[in-house]
Amino acid sequence: MKNLIVVLITCFVIHVFPQKIFIVDSKFDADFKVYVVNSKFDADLLVFKCESKFDAKENKGLWFFVDSKFDADKKIYFVDSKFDADLTIYFVNSKFDAGWRNRSKMHLLY
């Protein structure tokens with residue numbers, strides 16, 4: 001019985017918090033605004049671009065970019081200034097480096 005509960009909770013978490021992202025053309029269509037910083041030390045979130053939507057799960061900075069806003073879990077807009085952004089990100093080369101540096105902004109991706 002405990003194993004069944006663990007499996008159900010895991011499936012719920014993976015389904016509820018996937019990270020399929022769509023880039024919109026207008027900040028008014030976005031769920032939040034993003035700025036890409038030049039240093040991982042300046043970022044709120046370290047993001048790894050996944051090659052499969054199945055790898056983009058939970059709220060750990062593993063993002064899969066989709067081609068349709070209807071397939072997306074979140075819609076983002078890239079801004080030109082970090083002062084206009086709700087979230088600052090830095091793209092990393094390894095999924096093991098992805099993750100939150102500023103946990104106070106985690107609510108943006110729930």
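Everything below is about the structure shown above.
Remember, predicted model here, so these are calculated numbers, not experimental data.

Chemist: Just checking my understanding: could you explain the overall build of the protein chain for this structure?
Modeler: Summing up its helical and strand segments, the protein chain has 1 helix and 7 strands in all. Traced from its N-terminal end to its C-terminal end, the protein chain shows the element sequence α-β-β-β-β-β-β-β. Within the protein chain, buried positions represent 35% of all 110 residues. Of all intrachain contacts in the protein chain linking residues separated by at least 6 positions in sequence, the fraction that spans at least 24 positions is 78%.

Chemist: In this structure, what is going on with the nonpolar core? I would like to understand it.
Modeler: Nonpolar side chains in soluble globular proteins tend to end up buried together. By size, the foremost hydrophobic cluster in this structure holds 15 residues, and its most contacted members are F48 and C50. Broken down by secondary-structure element, the contributors of at least two residues to this core are β3 (45-49) and β4 (62-65). If we ignore the near neighbours within four places in the chain, the residues touching C50 are D55, A56, L62, W63 and F64. One finds F32, L45, I89 and L109 within the second-largest nonpolar core, a separate group that totals 13 residues.

Chemist: Even after reading the chapter, I still don't get the environment of Y110, so can you show me in this structure?
Modeler: Looking at where Y110 falls in the secondary structure, it is placed in the segment after β7 (99-100). A C-alpha to C-alpha distance of 9.0 Å links Y110 and K74, two positions 36 residues apart in sequence.

Chemist: Explanation requested: the pattern of salt bridges in the structure shown.
Modeler: Pairs may arise between side chains of opposite charge once their charged atoms sit close together. Taken as a whole and judged by the stated rule, the model has 2 salt bridges. Residues D44 and K105 are paired through a salt bridge, measuring 3.3 Å at the closest nitrogen-oxygen approach. Of this pair, D44 sits in the loop between β2 (32-36) and β3 while K105 sits in the segment after β7, and the two are 61 residues apart along the sequence. Relative accessible area serves as the criterion here: at 9%, D44 is assigned to the buried category. Of the residues examined, K105 reaches a relative accessible area of 23% and is grouped as partly exposed.

The rules behind the values
- Residues numbered from 1 in each chain as written.
- Predicted model: local features only at pLDDT ≥ 70, side-chain atom pairs only at ≥ 80, totals over all residues.
- Heavy atoms only, no water.
- Helix = DSSP H or I, 4+ residues; strand = E, 2+ residues; numbered from the N terminus.
- Buried < 20%, exposed > 50% of the residue type's maximum accessible area, 1.4 Å probe, protein only.
- Contact = heavy atoms within 4.5 Å.
- Core = buried A, V, L, I, M, F, W, Y, C linked by side-chain atoms within 4.5 Å.
- Salt bridge = Lys/Arg side-chain N within 4 Å of Asp/Glu carboxyl O.

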